[in-house]
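Residue-level listing of the chains:
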Amino acid sequence: MAYAEVKLLNGDVLTVEGTLDEVEAKLSDAARSGQSRLAWFTQHGADGSVGVNPAHVATLKVSEISG
């Protein structure tokens, strides 16, 4: 399983399932869908999903976690 790190503007870092291309596509789709639309991901090490507001993303990079 591939993981990506999403760093938010407030400094929080979320590690989510997906390749960089998959995560970027979800963030882009959410951004195009409207101001209050969230991109939903499965977060590494947590139960359930996490919604990310694309407007709050500062950086996106490959995670060092190996699946």
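What you see is a predicted model, and the numbers here were worked out from it, not measured in a lab.

Moving on: the overall build of the protein chain. For the protein chain, the count of helices and strands is 1 helix and 5 strands. Its helices and strands taken in sequence order, the protein chain reads β-β-α-β-β-β from the N to the C terminus. Here the C-alpha atoms of the protein chain give a radius of gyration of 11 Å, agreeing with the 11 Å that 2.2 N^0.38 yields for 67 residues. Dimensions of the protein chain, computed from the C-alpha atoms along their principal axes, are close to 35 × 20 × 20 Å. Contacts in the protein chain between residues at least 24 apart in sequence constitute 49% of all its contacts with a sequence separation of at least 6. Accessible surface, the protein chain as shown: approximately 4,300 Å² in total, 47% of it carbon and sulfur. Within the protein chain, the 9 negative side-chain charges are centred at a point lying 6 Å from the centre of the 5 positive side-chain charges.

Looking now at the pattern of salt bridges. Where charged atoms from two side chains of opposite charge come close, those side chains can pair. Under the criterion given, the structure shown has 2 salt bridges. Residue Glu5 pairs with Lys61 through a salt bridge whose shortest N-O separation is 3.8 Å. With Glu5 in strand E1 (residues 3-8) and Lys61 in strand E5 (residues 57-62), this residue pair connects regions lying 56 residues apart in the sequence. By relative accessible area, Glu5 is classed as buried at 19%. In this structure, Arg32 engages Asp29 in a salt bridge whose closest nitrogen and oxygen atoms are separated by 2.5 Å. Of this pair, Arg32 and Asp29 are both found in helix H1 (residues 20-33), 3 residues apart, which corresponds to roughly one turn of the helix. Residue classification places Asp29 among the partly exposed positions, given a relative accessible area of 40%.

In this fold, Ser63 is placed in the segment after E5. Its relative accessible area of 7% is what places Ser63 among the buried residues. In terms of polar contacts, Ser63 uses its side chain to reach the backbone amide nitrogen of Ile65, at 3.1 Å. Once residues within four sequence positions are removed from consideration, Ser63 is found in contact with Tyr3, Ala4, Glu5 and Thr15.

Parameters at a glance
- Residues numbered from 1 in each chain as written.
- Predicted model: local features only at pLDDT ≥ 70, side-chain atom pairs only at ≥ 80, totals over all residues.
- Heavy atoms only, no water.
- Helix = DSSP H or I, 4+ residues; strand = E, 2+ residues; numbered from the N terminus.
- Rg over C-alpha atoms; globule rule 2.2 N^0.38 Å.
- Contact = heavy atoms within 4.5 Å.
- Areas by Shrake-Rupley, 256 points an atom, 1.4 Å probe, with all protein chains shown as cover.
- Lys, Arg positive; Asp, Glu negative; His and termini not counted.
- Charge placed at Lys NZ, Arg CZ, Asp CG, Glu CD.
- Salt bridge = Lys/Arg side-chain N within 4 Å of Asp/Glu carboxyl O.
- Buried < 20%, exposed > 50% of the residue type's maximum accessible area, 1.4 Å probe, protein only.
- Polar contact = N/O pair within 3.5 Å; in protein donor to acceptor, adjacent residues only side chain to side chain.

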